[in-house]
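Architecture and fold: a report
Residue-level listing of the chains:
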Amino acid sequence: LYSGLMCPHKIAGIGSFSGILAAKGYIEKHGKSKPDCLIMHGKDDDKIRFDALDFTKKNLLDLGCKVSALEVKSSGHRICSEAIALASDFIKEKIK
């Protein structure tokens, strides 16, 4: 997330798996890009709390990004086939 938001030009999109947006204040001050974002988080994640999904979505929206946030049911802190398929569709849509 951080690298895409700090990129000097707008990129096509960011796909994030079980992540959390850190350093929002720094990004607000120095960030250049406001890409469309797909964020996905496993409901059963035992490494990063599930409520990081809503926290990250709110912060990305505050930064001016268009955000799709998806709960991946019965998935922990891993990238499952459902998330890969969702990310693949997102990428295909962005590079048309």
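Notes on the structure in this doc start here. (Residues numbered from 1 in each chain as written. Predicted model: local features only at pLDDT ≥ 70, side-chain atom pairs only at ≥ 80, totals over all residues. Heavy atoms only, no water.)

Digging into unusual backbone geometry
Even without a glycine there, the phi angle at Ser18 is positive, about 50°. Take Ser18: it is sitting in the loop between strand E1 (14–17) and helix H2 (24–30). Residues other than glycine seldom take positive phi values, yet Ala23 does so here, at roughly 60°. Here Ala23 shows up in the loop between E1 and H2. Residue Ala23 is classed as partly exposed on the basis of its relative accessible area of 41%. (Helix = DSSP H or I, 4+ residues; strand = E, 2+ residues; numbered from the N terminus. Buried < 20%, exposed > 50% of the residue type's maximum accessible area, 1.4 Å probe, protein only.)

Notes on the side chain of Ser33
Relative to the helices and strands, Ser33 is located in the loop between H2 and strand E2 (37–42). Of note is the side chain of Ser33, whose polar atom sits 3.5 Å from the backbone oxygen of His9. In this view, Ser33 contacts Gly4, Leu5, Cys7, His9, Lys10 and Ile11; residues no more than four positions away in its chain are not counted. (Polar contact = N/O pair within 3.5 Å; in protein donor to acceptor, adjacent residues only side chain to side chain. Contact = heavy atoms within 4.5 Å.)

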